[in-house]
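Working through the structure, step by step
Listed below are the residues making up each chain.
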Amino acid sequence: MSWDAGTAVETIARLAREGKAEVPVYAIGADRRVATRPFDVDGSPIFVAEGIFAAEIVAECRRRGLLAGAYALRRPRGATFLRRLARDLAEQRKAPRVLVRRGITLLRTEPAVLRRQTGLGAEAARARQVLRGVAALLAGHPRRR
């Protein structure tokens, strides 16, 4: 597996401290990290880190004071399946048959994934709730007033 929780936490810490860091570039088709690229938060008072493995580092980010919020998106499973399939087909990530099979598997396992993420400290929320929370953080930040 290409996920490295320790490196992810260190990268988030560097972004919070310095405002920039090298971030990984993943190739889904290759199922691994293939490069890094520079990422600069450009003076933004907050940044959002997302991904299927994000919940794995919630506790450590919270312990280090790096976490303003942690969410696991709760969406209609059918809509997620169709969005994912359309994206993956458009990007030609794998053969169409593989993408459909993978999508069906993910559709079936999504409730268990959500339970695991909330068990790791993420809050199950709809996208609008997350956006309102982020907007509130920005509104309350001194640099944005």
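Shown above is the structure to which this text applies.
Attention here is on the structure that accompanies the text. Since the model is a prediction, treat every value here as computed from it, not as a measurement.

Describing the overall build of the protein
- The helix and strand inventory of the protein stands at five helices and four strands.
- Starting at the N terminus, the α and β elements of the protein follow one another as α-β-β-α-β-α-α-β-α.
- Each principal axis of the C-alpha distribution contributes one length, and for the protein these read about 50 × 30 × 25 Å.
- Counting the 145 residues in the protein, one finds 23% classified as buried.
- For the protein, the proportion of contacts with a sequence separation of at least 24, taken over those separated by at least 6, is 61%.
- Counting every atom, the protein has about 10,000 Å² of accessible surface; 54% of that belongs to carbon and sulfur.
- For the protein, the distance from the average site of its 29 positive side-chain charges to the average site of its 14 negative ones is 7 Å.

Let's talk about unusual backbone geometry
- Positive phi is not limited to glycine here, since aspartate 42 has a value of about 50 degrees.
- Looking at the element boundaries, aspartate 42 is found in the loop between strand S2 (32-40) and helix H2 (58-63).
- Positive phi, normally seen in glycine, also occurs at glutamine 92, with a value near 50 degrees.
- As for its position among the elements, glutamine 92 is in the loop between helix H3 (77-90) and helix H4 (96-119).

A closer look at the packing of H3 against H4
- Here H3 crosses H4 at 155 degrees, and the two axes come no closer than 10 Å. When the interaxial angle is binned, H3 and H4 end up roughly antiparallel. Once H3 is placed against H4, the crossing between them reads as right-handed. Here Arg77, Gly78, Thr80, Phe81, Arg84, Leu85, Asp88 and Leu89 of H3 lie close against H4, whose contacting residues are Pro96, Leu99, Val100, Arg102, Gly103, Ile104, Leu106, Leu107, Arg108, Glu110 and Pro111.
- Here the residues of the contact of H3 with H4 sort into 10 nonpolar, three polar and six charged.

Reading the values: the criteria
- Position labels on residues start from 1 in each chain and follow its written sequence.
- For a predicted model such as this one, the threshold for reporting local features is a pLDDT of at least 70, and the threshold for listing and counting side-chain atom pairs is 80 or more; totals across whole chains, interfaces and linings nevertheless cover every residue.
- Each side-chain value is derived from all of the structure's non-hydrogen atoms; neither hydrogens nor water enter the calculation.
- Under the scheme used here, helices are H or I runs from DSSP no shorter than 4 residues and strands are E runs no shorter than 2 residues, and both carry numbers assigned from the N terminus.
- Think of it in three bands: with a 1.4 Å probe and only protein chains considered, a residue is buried below 20% of the maximum accessible area for its type, exposed above 50%, and partly exposed in between.
- The criterion used for residue contact is that any of the two residues' heavy atoms lie within 4.5 Å.
- To measure how exposed things are, a 1.4 Å probe is used in the Shrake-Rupley method; for residues, cover is taken only from the protein chains shown.
- Under this rule, positive means Lys or Arg and negative means Asp or Glu; His and the chain ends count for nothing.
- Charged groups are reduced to one reference atom each: NZ for lysine, CZ for arginine, CG for aspartic acid, CD for glutamic acid.
- Between N-to-C directions, angles cover 0 to 180 degrees, with each direction set by a line fitted to C-alpha atoms, over the stretch in contact for helices.
- Angles below 35 degrees are treated as roughly parallel, those above 145 as roughly antiparallel, those between 65 and 115 as roughly perpendicular, and all remaining angles as oblique.
- For any pair of crossing helices, the crossing counts as left-handed if the nearer helix is rotated counterclockwise from the farther one by less than a right angle, and right-handed if it is rotated clockwise.
- Gly is put with the polar residues, along with every residue not named as nonpolar or charged; the nonpolar set is Ala, Val, Leu, Ile, Met, Phe, Trp, Tyr, Cys and Pro, and the charged set is Asp, Glu, Lys and Arg.

Geometric descriptors of this kind do not, in isolation, establish any biological role.
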